[in-house]
Amino acid sequence: MKLNSVAAVFFSPAGSTGKVVREIANVIARRADVPVREIDFTLPEGRGEVRSFKAGELVIFGTPVYAGRIPNKILPAVQTLFEGNGALAVPVVTFGNRSFDNALIELRIELEEHGFHTIAGAAFVSEHVFSNKLAAGRPDEKDLQLIHRFAEDAAVKIERIKEGDQDGMAEIPAPVAVKGIEPVPAYYRPLQEDGSPANFLKAKPKTADSCNDCGICARVCPMGSISPEDFRTVTGICIKCQACVKSCPEHAKYFDDPVMLSHTRMLEQHYARRAENEVFF
């Protein structure tokens, strides 16, 4: 099957998901000699319109894993803002060294239900946003090699899809089989060091005196929750994505919620091994 274009579509507050999705999209677009476009719906302004695709297009669609699934505050955008209309798709999730649980199968289900045909899928490890001790520096060179190989294999699978005749449709394969439970169960329940539930939903970033009021934190918040008038004030929902923490040039943003910190230490104690990427065709 010949592609007409490739789209890199992603929600990526900390940057890793966007990096992985771009790599895959660019490899496939170069091989197919077609243009690639980027649709970044991380910020609120990127979620203001419905994006429609069509047969002959390939969409590499990525999100990070939050509590084992698609981030709950972003799931409605995935469900309402993207129309496949017969386009091919590759669902991709990135996870912080613990597990991708049911995020990949959830994303595949959503894409299939909204008119996409999924032909491959992948879960790639990235540095955990809560701790640089978990998957530090990933995706690293070894990961990038696998990402490129995955992209090449996906491209080959697309090339082997039989074209329809003048009046017929291409012979699209069945939805890609990926790891996960269907129907998708509840979100993973975070734990503290002692094994008790870790509820830190109300935790919000704090601001140190080193803040110079540059405003970067407000501009990168995917929920638009940091006040543009007072960068020390969080006026709305915080999804703990760490975009403000990681983007602050003065390292002035931080979390000090004791339950959240206990959960982070639990992760560091139990999930320090090198987690493996998983790909599916």
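Below you will find a few notes about this structure. The shown structure was predicted, so the numbers you read here are calculated from the model rather than taken from an experiment.

Its 13 residues give helix α7 (residues 258-270) an end-to-end C-alpha distance of 18 Å, which sits within 8% of 18 Å, the value for a rise of 1.5 Å per residue. Buried residues of α7: M260, S262, H263, T264, M266 and L267, and no others. Capping the start of α7 is the job of one residue whose side-chain oxygen sits 3.1 Å from the backbone nitrogen of V259: D257.

Further remarks concern the nonpolar core. Counting 39 residues, the largest nonpolar core has V9, F41, F53, F61 and F82 as its most contacted members. Contributions of two or more residues to this core are made by β1 (5-10), β4 (57-64), α2 (75-80), β6 (88-95), α3 (103-113) and β8 (121-125). For this core, the element with the most residues is α3, which contributes 6 residues.

Along the chain, the position of S12 falls in the loop between β1 and α1 (16-32). Within polar-contact distance, the side chain of S12 engages the backbone nitrogen of G18 at 2.9 Å. With near-sequence residues (within four places) excluded, S12 lies in contact with T17, G18 and T42.

This paragraph deals with empty space enclosed by the protein. Taken as a whole, this structure holds 2 cavities of 30 Å³ or more when the rule is applied. As a volume, the largest cavity reaches approximately 110 Å³. Surrounding the largest cavity, 16 residues form its lining, P205, C221, C238, C241 and C244 being those nearest its centre. Along the lines of polarity and charge, the residues of the lining of the largest cavity split into 13 nonpolar, 2 polar and 1 charged. Taken as a whole, the second largest cavity spans an internal volume of roughly 90 Å³. Taken together, 15 residues make up the lining of the second largest cavity; nearest its centre are C211, C214, C217, C248 and K253.

What characterises a pair of aromatic rings is the spacing of the ring centres plus the angle enclosed by the ring planes. By the definition in use, this model includes 9 aromatic pairs. With a centroid separation of 6.1 Å and 40° between ring planes, the pair formed by F11 and F41 is classed as tilted. Within this pair, whereas F11 is found in the loop between β1 and α1, its partner F41 is found in the loop between β2 (36-40) and β3 (51-52), the two being separated by 30 residues in sequence. Neither F11 nor F41 differs from the other in exposure class; each is buried.

Scoring rules and cut-offs
Residues numbered from 1 in each chain as written. Predicted model: local features only at pLDDT ≥ 70, side-chain atom pairs only at ≥ 80, totals over all residues. Heavy atoms only, no water. Helix = DSSP H or I, 4+ residues; strand = E, 2+ residues; numbered from the N terminus. Expected span 1.5 Å × (residues − 1). Buried < 20%, exposed > 50% of the residue type's maximum accessible area, 1.4 Å probe, protein only. Polar contact = N/O pair within 3.5 Å; in protein donor to acceptor, adjacent residues only side chain to side chain. Core = buried A, V, L, I, M, F, W, Y, C linked by side-chain atoms within 4.5 Å. Contact = heavy atoms within 4.5 Å. 1 Å grid on protein atoms, 1.4 Å probe; cavity = no way out; pocket = protein on both sides within 12 Å on 5 of 7 lines; lining within 4 Å. Points joined across faces, edges and corners; volume = space filled by probe spheres on them. Nonpolar A, V, L, I, M, F, W, Y, C, P; charged D, E, K, R; others polar. Phe/Tyr/Trp six-rings, centres within 6.5 Å; stacked < 30°, edge-to-face > 60°.

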